Amino acid sequence: MLMPHWHYRGSYHWDFYKRFLSSSLSHSSTPLHGSSFSLRKDRVPLVFYWIPWVGSAVTYGTQPYEFFDNCRAKYGDCFSFMLLGRVMTVYLGPKGHEFVFNAKLSDVSAEAAYSNLTTPAFGEGVIYDVPNWKLMEQKKFAKVALTTESFIQYVPLMVDEIMKYFKTSPDFQGKKGEVDVLKSQPEMTLYTASRSLMGKDLRNMLNAKYAGWYSDLDKGFTPLNFAFPYLPLPGYKLRDKAHAHITNTYMELINKRRKESGTHERDLVDALMNNSTYKDGTKMTDQQIANLMVGVLMGGQHTSAATSSWFLLHLGERPDLQEELYKEIKDTIGDKPLQWQDLQKMTLMNNTIRETLRMHHPLHSVFRKVIHDLPVPGTKYVVPAGHFVLASPGWSMTHEEFFPNSQHFEPHRWDKLGGAGGGFKKEDNADEKEETVDYGFGKISKGVSSPYLPFGGGRHRCIGEHFAYTQLGTLLVTFIRNFKWTSKVPEPDYTSMVVLPVGPAYIKWEKREKD
Ligand code: X2N
Ligand code: HEM
């Protein structure tokens, strides 16, 4: 051996690589103007823009799907646009899903696209602050807390949290009232996720002081980070302080549990304490375990809170569906306490979640940074290293071509497609017939050319799908059992971290008379 092993494995090379990948100088190698750019015959057509650097940020940032529709009318499914100094190449539709989600690891990088966004909020050594093989392993470690056996334990705990919220929240007192779902849903999501994934001790520590830290940290998880991750703004300092307080608490919990006897499999904390040794023999440190918990919880928090907000608002316009859901619950479990197994039998309830995700994908765009010149299959185009590629399943899922009457909220559209999906693959993990692939965190379906891909696909596919369905299903069932409500669905706000209803977004509720 010429050099000790750790020269290669040490963080120096990774730090260097990371800096190179995320430096704004490396976004593109050629000066970019609308005109000189398009002279190259092998370049994807670039959407014209007036303001240098800013490019199409305003139209894309405020109405991405409309922007995509307009570009598609001019250029087809594949086009590029300028976004705050970056060249984004969009490929719409199923072929675009294949192009981006199944791109080769040697051609594109998710960490180079997302690290600015996530690392300041989650901390170092996790998710997009590590090379891809470590992310694959971290997903495998976390998945231990996301099994059927875990969900069976989680459901009663979540029901408990939801009922406690209804009893104690000032917004749910009396026989009727109104509540801003943009306030209630983040709270209910935090309580149910903390109680299940982090355990009882941590849930009991969620007091006012804690709420302040969560809020400071949450404000630091913003799309602004894409452009300016480490500015000396006051909010960023608060973010870093909050991160330190929260992860210190998680580490104290880990240390407390180390002193307990025996191993447990109660939650994510146990899962990561029992199983967080990489295949090269190195172990995640307690700080890294704590950071991974922050990342997993924050990701699930935003996507899940947005989704429940949207289904509450849609159902408020559809009393017929609320009654149908109520009947489904009555027919399945009567007045018995809800269990995870029951959720699997409630077709309309699951289709309501499915339909909500169709109309309101929380992430309207997903990105990769191109690190090696990448030809666009079936065209003469090459996307050069330094540009970004963008996929938008949320666009396909709201497009007439794939979903007729796409702007109509109709959970029953999923009935007639039948169990197998009637031509549309379910977003579910692959069934037996399908070709599968394992990137290190379990088998998933190989193909990603469905227009319906709320959880993405390929090596970056979501591991939170079944947790999300469990959490959202438990919440929806408990809401329907206790309340009837009305509302008006607001417009989407695309500029936030996830696509949220423009606030305030009230539902008017009344207690359901038990029969
Ligand atoms: C400045 C209008 O507003 O001109 F989180 F463990 C944890 C999140 C990807 C968000 C993309 C673009 C907004 C432009 C505004 C974990 C659960 C993850 C997955 C322009 C003038 C993180 C991109 C946000 C576009 C909005 C990617 C998430 N499951 N969570 N101009 O997450 O997974 C995690 C994974 C993304 C976005 C946007 C503008 C694992 C403006 C005016 C302004 N968005 N956005 N997750 N814009 N303007 C996550 C993958 C990863
Ligand atoms: C990845 C969607 C809930 C954890 C993803 C991706 C999507 C997604 C589209 C792929 C991103 C990309 O390719 O760039 C959603 C939706 C959710 C949800 C729609 C809820 C409705 C959750 C929850 C958790 C979670 C609850 C954790 C418990 C993750 C993780 C990844 C991921 C760890 C992997 C990131 C990677 O490998 O790069 N999710 N997610 N998600 N999600 Fe989720």
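Residues numbered from 1 in each chain as written. Chains lettered and ligands numbered in written order. Predicted model: local features only at pLDDT ≥ 70, side-chain atom pairs only at ≥ 80, totals over all residues. Heavy atoms only, no water.

Peer 1: Help me understand the overall build of the protein, please; the structure alone is not making it clear to me.
Peer 2: Of the regular secondary structure elements, the protein holds 21 helices and 14 strands. Looking at the protein as a whole, 54% of its 515 residues are labelled buried. (Helix = DSSP H or I, 4+ residues; strand = E, 2+ residues; numbered from the N terminus. Buried < 20%, exposed > 50% of the residue type's maximum accessible area, 1.4 Å probe, protein only.)

Peer 1: Mind showing me how you'd approach the site of ligand 1 here?
Peer 2: The environment of ligand 1 is made up of 25 residues, and the closest members are Val 58, Ile 127, Tyr 128, Gly 299 and Met 497. Taken by itself ligand 1 offers 950 Å² of open surface, and the protein chains cover 78% of this. Of all the secondary-structure elements, those providing two or more residues to the shell around ligand 1 are helix 4 (57–62), helix 7 (110–122) and helix 16 (286–316). When residues in the shell around ligand 1 are grouped by element, the largest group, five residues, is from helix 4. For the shell around ligand 1, a count of residues per class yields 16 nonpolar, nine polar and no charged. (Near = heavy atom within 4 Å. Areas by Shrake-Rupley, 256 points an atom, 1.4 Å probe, with all protein chains shown as cover. Nonpolar A, V, L, I, M, F, W, Y, C, P; charged D, E, K, R; others polar.)

Peer 1: Any chance you could explain the sheet that holds strand 14 (residues 506–511) here in plain terms?
Peer 2: Backbone-to-backbone hydrogen bonds pair the strands of a sheet. The strands run either parallel or antiparallel. The strand order across the open sheet built from three strands is 4-14-11, with neighbouring strands paired in antiparallel fashion. Lying at the two open borders of the sheet, with one neighbouring strand each, are strand 4 (176–180) and strand 11 (483–487). Going across the sheet, the axis of each strand differs from the next one's by a mean of 30 degrees, ignoring polarity. Relative to strand 14, strand 11 is paired through five bridges, and the arrangement is antiparallel. For Ser 487, the partnering residue across the bridge sits in strand 14 and is Ile 507. (Pairing = 2+ DSSP bridges. Axes fitted to C-alpha atoms, helices over the stretch in contact; angles between N-to-C directions.)

Peer 1: Please explain the coordination of the iron atom of ligand 2 as it appears in this structure.
Peer 2: Tetrahedral coordination by four donors places them ideally at 109.5 degrees to one another around the metal; octahedral coordination by six donors ideally gives 90 or 180 degrees. Protein coordination of the iron atom of ligand 2 rests on one atom only, Cys 462 (SG), at 2.3 Å. With respect to the helices, strands and loops of the structure, Cys 462 is situated in the loop between strand 10 (443–445) and helix 21 (465–482). (Donors = N, O, S within 2.8 Å, 3.2 Å for Na, K, Ca; no water.)

Peer 1: Hey, could you run me through a nonpolar patch on the surface in this one?
Peer 2: Taken together, the side chains of Trp 53, Leu 224, Phe 228, Leu 231 and Leu 233 present a nonpolar region at the surface, about 460 Å² in accessible area. Within the element layout of this structure, Leu 224 appears in helix 13 (residues 224–227). On the accessibility criterion, Leu 224 (47% relative accessible area) is partly exposed. (Patch = residues over 30% accessible without salt bridge, like charges linked within 9 Å, V, L, I, M, F, W, Y side chains within 5 Å. Salt bridge = Lys/Arg side-chain N within 4 Å of Asp/Glu carboxyl O.)

Just geometry here; none of it tells us what the structure is for.
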